[in-house]
Amino acid sequence: MINRQRMLDQFLELIQIDSESGNELAMSEKLIGLLKAIPGAEVRTEAAGDFYKTNGCNVIGWIKGSLPGEPILLSAHMDTVVPGNGIKPVVKDGIVSSDGTTVLAADDKAGIAQIFEAICSIKESGTPHRDIEVIFSVGEEQGLYGAKSIDVSKLHARQGYVLDTGGRPGRIVTCQPGQYSFSATITGRSAHAGNRPEEGISAIQTAAKAIANMKLLRVDELTTSNIGVIEANFPTNIVPESCFVKGEVRSRSKTRLDEQERHIYQCFEDACKAAGASLEYEKTVKYLSYEMDLSAPVVAEYVAACGRLGVEPQIEGAGGGSDANIYNQYGMQCIVVGTGMYKNHTSAEILNIEEFGKCAEIILDVLTH
Ligand SMILES: [Zn+2]
């Protein structure tokens, strides 16, 4: 049985350990200690790779069970967004919030506390359970960097749950978009803007023409696209010779993701050609989309657990990415499940204590069936 008070206490302790992205050392050490305290747990760490600078590391655990069935992965990230240092929790009327000056970091420490409580309560009661693999990742908020650097060949589990979304208990995210980022550097030609402007090629004007031709924001039902950066800074008496533009494309369809990204590229290419400017363009694959079949065991088992607990499942898609995108990219079957948090990434973030408990009970039920 989930010990709700113990889980809440654990949560309150975890959120008071600072772990903004890049500074996950103390949390890594704390999680290693907590995992090692679980009887029979094998614990190891993995560095996050050269592309993500952190003093922490991914923490991975393996707890052999006696129930038949596929091993189950439980995953949560240990890094938080800013402002996430010096969190002072306020517990009132069944809700945990920060004092308003920081996030609460229920994203994703609520998930971490639920994973530990589910495992601890199983060990305490001696209830037979499935094989359990645990991943606590770093750098999720910065671009899923921890999950991206996991050595998948060392994992036992091929299906699992990322405890990292809001909404009421029973909420399951089975579909998340893929994301590309792109950057374009347009190089034109400088000239005196008053004396000989006809000799110049304005990189700013070229970028503006390219962007004006782009389909952006809500592109279609599955696809969004946005430009976030335009950089050029010249005196007004010089025709600007360079301009840097950066943006993103997201789509739940890989085909549409590729099409939109090619459309963006084409707009830059056409505008540069017309103006006689040159283009340096770069696309980065942040992560790929996934859509889990609702008949997949990972969905069916969670839905069955909801049924046993009298919780109505709520199956949805989400607009953002999570570590589940990366695990699915690895060929695993993973979905994202609710933790009882709301308004994450803001200083108004809260944790609903009742829902926090219920979500943990669903996970416990999955592990013991
Ligand atoms: Zn999160």
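Residues numbered from 1 in each chain as written. Predicted model: local features only at pLDDT ≥ 70, side-chain atom pairs only at ≥ 80, totals over all residues.

This part takes up the overall build of the protein chain. Looking only at helices and strands, the protein chain has 10 helices and 18 strands in total. Summarising its shape, the C-alpha atoms of the protein chain cover approximately 85 × 45 × 35 Å along the three principal directions. Expressed as a percentage of its 369 residues, the buried residues of the protein chain come to 46%. Taking the intrachain contacts of the protein chain between residues at least 6 apart in sequence as the baseline, contacts between residues at least 24 apart amount to 77%. (Helix = DSSP H or I, 4+ residues; strand = E, 2+ residues; numbered from the N terminus. Buried ≥ 20, exposed ≤ 12 C-beta atoms within 10 Å, placed from the backbone. Contact = placed C-beta atoms within 7 Å.)

On to the nonpolar core, then. If you look at the biggest cluster of nonpolar residues, it comprises 76 residues, and the most contacted ones within it are Leu-74, Leu-104, Ile-115, Tyr-161, Tyr-302, Ile-335 and Ile-363. Here the element with the most residues in this core is helix H3 (residues 106–125); it accounts for nine residues. Ignoring any residue separated from it by four or fewer positions in sequence, one finds Ile-363 in contact with Leu-74, Gln-114, Ala-118 and Tyr-161. Among the nonpolar cores identified, the runner-up in size contains 17 residues, and Tyr-180, Cys-243, Val-249 and Ile-264 belong to it. (Core = buried A, V, L, I, M, F, W, Y, C linked by C-beta atoms within 7 Å.)

Glancing now at the domain arrangement of the protein chain. According to the domain assignment, the protein chain consists of domain 1 (4–176 + 289–367) and domain 2 (178–287). A straight line from the C-alpha centre of domain 1 to that of domain 2 covers 38 Å. Across the boundary between the two partners, domain 1 contributes 10 residues, which contact nine residues of domain 2. Among the residues forming the side of domain 1 that touches domain 2, the class breakdown is three nonpolar, six polar and one charged. (Domains from an automatic or database assignment. Nonpolar A, V, L, I, M, F, W, Y, C, P; charged D, E, K, R; others polar.)

Where helix H6 (residues 203–212) meets helix H7 (residues 254–275), the axes come as close as 8 Å, and the angle between the chain directions of the two elements is 140 degrees. Relative to H7, the element H6 is oriented oblique. Crossing geometry of H6 relative to H7 is assigned as right-handed. In this structure, H6 uses Thr-206, Lys-209 and Ala-210 to contact H7, whose residues at the interface are Cys-267, Phe-268, Ala-271, Cys-272 and Ala-275. Along the lines of polarity and charge, the residues of the contact of H6 with H7 split into six nonpolar, one polar and one charged. (Axes fitted to C-alpha atoms, helices over the stretch in contact; angles between N-to-C directions. Parallel < 35°, antiparallel > 145°, perpendicular 65-115°, else oblique. Left-handed = near helix turned anticlockwise from the far one by under 90°.)

Relative to the helices and strands, Asp-220 is located in strand S10 (residues 217–220). Looking at Asp-220, the number of C-beta atoms within 10 Å reads 13, which means it is partly exposed. C-alpha of Asp-220 to C-alpha of Leu-74: the two residues are 146 residues apart in sequence and 33 Å apart in space.

Between its first and last C-alpha atoms helix H8 (residues 297–308) spans 16 Å; for 12 residues at 1.5 Å apiece the expected length is 16 Å, and the two agree. Where H8 is concerned, the buried positions are Val-298, Glu-301, Tyr-302, Ala-305 and Cys-306. Taken end-on, H8 shows its buried residues confined to a sector of 140 degrees, consistent with a single buried face. Exposed side chains of H8 directed beyond 90 degrees from the buried face belong to Ala-300 and Arg-308. Where the residues of H8 are buried, they touch strand S7 (159–165), strand S8 (171–176), strand S16 (333–338) and helix H10 (353–367). Looking one or two residues beyond H8, the residue adopting positive phi is Gly-310, at roughly 70 degrees. (Expected span 1.5 Å × (residues − 1). Arc of directions from axis to C-beta.)

Okay, helix H2 (residues 25–36) next. For H2, spanning 12 residues, the distance from its first C-alpha to its last is 17 Å, which sits close to the expected 16 Å at 1.5 Å a residue. Those residues of H2 that sit buried are Met-27, Ser-28, Leu-31, Leu-34 and Leu-35. Looking straight down H2, one finds that the buried residues subtend no more than 130 degrees of arc, so they occupy a single side. Summarising the geometry of H2, the exposed residues directed more than 90 degrees from the buried face are Gly-33 and Lys-36.

For S8, the tally of buried residues reaches five of six residues, placing the bulk of the element in the interior. Across four bridges, the pairing between S8 and strand S15 (residues 314–317) is parallel. Bridge pairing links Cys-175 to Gly-317 in S15. (Pairing = 2+ DSSP bridges.)

Moving on, we get to the sheet that holds strand S4 (residues 90–92). Spatial ordering of the open sheet is given by S4-S5-S18-S17, a layout of four strands whose pairing is antiparallel. Edge strands, defined here as strands with exactly one partner in the open sheet, are S4 and strand S17 (341–342). Taken together, the three bridges between S4 and strand S5 (residues 95–97) define a ladder with antiparallel strand orientation. Its bridge partner being in S5, Val-90 is matched across the sheet by Ser-97.

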